[in-house]
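The chain contents come next:
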Amino acid sequence: MQPVTERFGEPRLDVESCESTQLLVDTSLPEGAIVVADHQSAGRGRLGRTWEAPAGKALLVSVLLRPPAERNAPEISLVAGVAVADALERMLGLAVQLKWPNDVMLRRRKVAGCLAEARDATVVLGIGVNVNQTRDELPPNAGSVLTLTARELDREDLLAMLLDDLTSRYAAWREGGLDAVYDGLGPRDFLRGRRVSVNGTSGVATMVDRHGRLEIAVGHGEVVTVDSGEVSYDR
Ligand code: BT5
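Residues numbered from 1 in each chain as written. Predicted model: local features only at pLDDT ≥ 70, side-chain atom pairs only at ≥ 80, totals over all residues. Heavy atoms only, no water.

S.K.: Explain the overall build of the protein chain to me, please; I cannot follow it from the model alone.
M.R.: When helices and strands are counted, the protein chain shows three helices and 12 strands. Over its C-alpha trace the protein chain gives a radius of gyration of 17 Å, about what one expects of a compact globule, namely 18 Å for 235 residues. Taken over the C-alpha atoms alone, the protein chain extends approximately 55 × 50 × 35 Å along its principal axes. Looking at the protein chain residue by residue over its 235 residues, the buried ones come to 51%. Taking all contacts inside the protein chain whose residues are at least 6 apart in sequence as the whole, residues at least 24 apart take part in 58%. (Helix = DSSP H or I, 4+ residues; strand = E, 2+ residues; numbered from the N terminus. Rg over C-alpha atoms; globule rule 2.2 N^0.38 Å. Buried < 20%, exposed > 50% of the residue type's maximum accessible area, 1.4 Å probe, protein only. Contact = heavy atoms within 4.5 Å.)

Written out as structure tokens, the structure reads:
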């Protein structure tokens, strides 16, 4: 029997401002609890980096997850990327790509990022989507829905879509692992065919495999597989 999955989003805490929504998630709450902020004074990216967004313009949300022990928890940021891409595609009617491991790309610009942090046997998943920022409110090379499509979106509508897609993609992953969401991942690979460099390995990205690893062709038919890392790529 399939377990019944309630849509994520309850209980919900809304705050006007905080350091980071990641820090406000109470890990004793049930799976699917969320924290939403209008502004973060110290929004977090991966590897100690920061996430910048002006008040009231971006979607900034953290979701509490309790992945089963048999799943590979680091895959959650890929699953989240798939859900963000699903939601943006449904709202915008435009193709969205995923840049391994955790960036969501629209028209070749980073429009959203995902961050999965392990805490107290749970995973706190943070998602930031650039929604209504103007050009001068974004870091270089980033884009927002507004700058890339000239459309303003209601952040609450986008959150509702995102929670729907995250609930269903996460349920599929929980049952079947990354294979079960691969249809949303493999075909959206932004790096495929691009010249990349990761952890000192340079070559041409060939695919994100079914275990969530990036495959890089390094020449002479040799392929190197990378589990994690920071990718630089030729535009
Ligand atoms: C990420 O990290 O892409 C994960 C971002 C997660 C943010 C959410 S917001 C809600 C929740 N609460 C938090 O505190 N965090 C999560 P990373 O791949 O490390 O990307 C960070 C890098 O992207 C920075 O070093 C900048 O270069 C760039 N960056 C910063 N703000 C950005 C923005 N708004 N849009 C695009 N790129 C940005």
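Don't stop here, the text continues.
S.K.: Help me out: how do you make sense of helix α1 (residues 76–92) in this one?
M.R.: Along an α-helix, residues three or four positions apart point the same way, because every turn accommodates 3.6 residues. For α1, built from 17 residues, the straight-helix expectation of 24 Å at 1.5 Å per residue is met to within 8% by its first-to-last C-alpha distance of 24 Å. Burial of α1 is extensive: 15 of the 17 residues sit out of reach of the surface. In the stretch just after α1, G93 is the one whose phi turns positive, near 70 degrees. (Expected span 1.5 Å × (residues − 1).)

S.K.: What is the right way to read the site of the ligand from this model?
M.R.: Neighbouring residues of the ligand: 27 residues in total, closest S20, R44, R46, R49 and K110. Contact between the ligand and Q40: a nitrogen atom at 2.8 Å from a side-chain N or O atom of the residue. Within the side chain of R49, an N or O atom sits 2.7 Å from an oxygen atom of the ligand. With the chains in place, 89% of the 790 Å² that the ligand exposes on its own is no longer accessible. Under a 2 Å grid-point criterion requiring more than half of the atoms, the pocket assigned to the ligand is the largest pocket. Secondary-structure elements contributing two or more residues to the shell around the ligand are β3 (58–65), β6 (109–119) and β7 (122–130). (Near = heavy atom within 4 Å. Polar contact = N/O pair within 3.5 Å; in protein donor to acceptor, adjacent residues only side chain to side chain. Areas by Shrake-Rupley, 256 points an atom, 1.4 Å probe, with all protein chains shown as cover. 1 Å grid on protein atoms, 1.4 Å probe; cavity = no way out; pocket = protein on both sides within 12 Å on 5 of 7 lines; lining within 4 Å. Sits in = over half its atoms within 2 Å of the grid points.)

S.K.: Mind showing me how you'd approach the layout of surface pockets here?
M.R.: If you roll a probe as big as a water molecule over the atoms, it shows you where there is empty space left. Within this model, the largest pocket holds a volume of roughly 720 Å³. Lining the largest pocket are 38 residues, and of these T50, W51, D103, K110 and G113 lie nearest its centre. Mapped onto the lining of the largest pocket, the elements with two or more residues apiece are β3, β5 (103–106), β6, β7 and β12 (231–233). Among the elements that take part in the lining of the largest pocket, β6 stands out by supplying five residues, more than any other. The residue inventory of the lining of the largest pocket, partitioned by class, reads 12 nonpolar, 15 polar and 11 charged. For the second largest pocket, the calculated volume is near 430 Å³. Residue lining of the second largest pocket: 24 residues in total, with P74, E75, S77, P101 and S228 positioned closest to the centre. Secondary structure elements with two or more residues in the lining of the second largest pocket: α1 and β6. Take the lining of the second largest pocket: its biggest share by element is five residues, from β6. (Points joined across faces, edges and corners; volume = space filled by probe spheres on them. Nonpolar A, V, L, I, M, F, W, Y, C, P; charged D, E, K, R; others polar.)

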